[in-house]
Amino acid sequence: MKLKDNYQALWEKLPITITDDQFEKLEKLMDAVVEMNQKLNLTRITDYEDFAVRHLFDSLAVNMPAGELVLDVGTGGGFPGLPLAVCYPERRFTLLDATAKKIEAVKIIAEKASIHNVNFLIGRAEELSRNEQYRESYDIVVSRAVASYAVLSELCLPFVKRGGCFLAWKGPGGEEELADAGKATILLGGNQPEIKDKNVLKNRGVHVIIFCEKKRETPRKYPRPFGQIKKKPLN
Ligand code: SAH
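On a predicted model such as this, the values are computed, not experimentally measured, just so you know. (Residues numbered from 1 in each chain as written. Predicted model: local features only at pLDDT ≥ 70, side-chain atom pairs only at ≥ 80, totals over all residues. Heavy atoms only, no water.)

### Thoughts on unusual backbone geometry
Definition in use: Under the DSSP-based scheme used, a helix requires at least four consecutive residues in state H or I and a strand at least two consecutive residues in state E, with every element numbered from the N terminus.
The residue after phenylalanine 79, namely proline 80, is reached through a cis peptide bond having omega 5°. Along the chain, the position of proline 80 falls in the loop between β1 (69–73) and α5 (81–87). For the peptide bond that leads from tyrosine 222 to proline 223, omega is -5°, which places it in the cis range. With respect to the element layout, proline 223 can be found in the loop between β7 (206–213) and α11 (226–231). With a phi angle near 55°, serine 114 is a residue other than glycine that sits in the positive phi range. With phi around 55°, alanine 145 is a residue other than glycine that occupies positive phi space.

Take a look at the structure:
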C-alpha cells in the first residue's frame, strides 16, 4: 500500500492509529476524488503526495474530542469529514454543503470507498441551523477552508450541543483571526477559543486547529442572514 509504505513519517505523527483496512479505504477515497474531479471541480490538488499531505493527513491531524455525532460544515469534496469518517468508524458523520452537485459527488465517493457511517445535507449552514432538527444537535462540528473565524463561528456554533465543541482548521493566519474574532464565540454560546493542534504540512505551510467549547445555548437571534454575517461579522 503506497500510502502506508511511503508516508510513514507523516502518519506516525498523527494522534490516531490507522489500520490496514483504513489505509485501503483512504486510498480508494483518494482515487474516487481524483476521478470525480474530472467531471466537477472539487479540488485543485490531484498530485498524489500533495493530496496525501494536504487532504488526507491534514484532515486527520486532530485530537478528536469525545462525541458520536459529527457535522462537517462546507465539506466541499469531503474534507475533513470523509477521512475522519474512515478513521472513526464508530462515530456518525454528517457532511453539509450548500452546493448540491458537490454533495452528490461526495455521496458517490463515499460509496466507492465503502464509507458507510455518513449522512448528507444540502443547504446553507445559516439556514439549516434554524431548523430544530439540526440546531444544537451535534457533539462536534468541524470545518476547513470555508470562511474567516468570526463568520465561521456564526455558521457552526448554532449546530453544536451544549457541552460539545467546534473545531476549525485554519491556515497560518489562524492565530490572528482568532484575536480578531474577539467576542464572536462568546456571543454565540461558546467559550474562549484556543489553538489546540498545529500541523506542519511537509513544506507546504502550517495548519492550526482552533478549538471552541459550547457552554450555553446560542441566542435565537443567531445565525443572522448571510448578508449580515458577512457585512458585520461578530467581533
Ligand atoms: N472543506 C473543504 C472545502 C472547502 S471550499 C476543504 O477543506 O477542502 C468551501 C465549501 O464551503 C464550498 O464547497 C462551499 O459550497 C461551502 N460553503 C460556503 N459557505 C457555505 C454555507 N454558508 N453553507 C454551506 N456551505 C457553504
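Now that the structure has been shown, we can carry on.
### Section: the layout of surface pockets
Filter applied, for reference: Each cavity reported here is a set of points on a 1 Å grid over the protein atoms alone in which a 1.4 Å probe fits but cannot get out, each pocket an open set with protein on both sides within 12 Å along at least five of seven lines, and each lining residue one with an atom within 4 Å of a point. Grid points are joined across faces, edges and corners, and a volume is the space filled by probe spheres set on the points. Residues are grouped as follows: Ala, Val, Leu, Ile, Met, Phe, Trp, Tyr, Cys and Pro are nonpolar; Asp, Glu, Lys and Arg are charged; every other residue, Gly included, is polar.
Of the voids in this model, the largest pocket is the one considered here, and its volume is about 820 Å³. In this structure, the largest pocket is lined by 37 residues; those nearest its centre are Gly74, Gly76, Arg144, Ala145 and Val146. Where the lining of the largest pocket is concerned, the elements lending two or more residues are α4 (48–60), β2 (92–97), α7 (125–128), α8 (149–156), β5 (160–170) and α11. Looking at the lining of the largest pocket element by element, the count peaks at three residues for α4. Class assignment for the residues of the lining of the largest pocket results in 15 nonpolar, eleven polar and eleven charged. For the second largest pocket, the calculated volume is near 220 Å³. Breaking the lining of the second largest pocket down by element, the ones donating at least two residues are α4 and β6 (194–200). In the lining of the second largest pocket, the residues fall into nine nonpolar, one polar and three charged.

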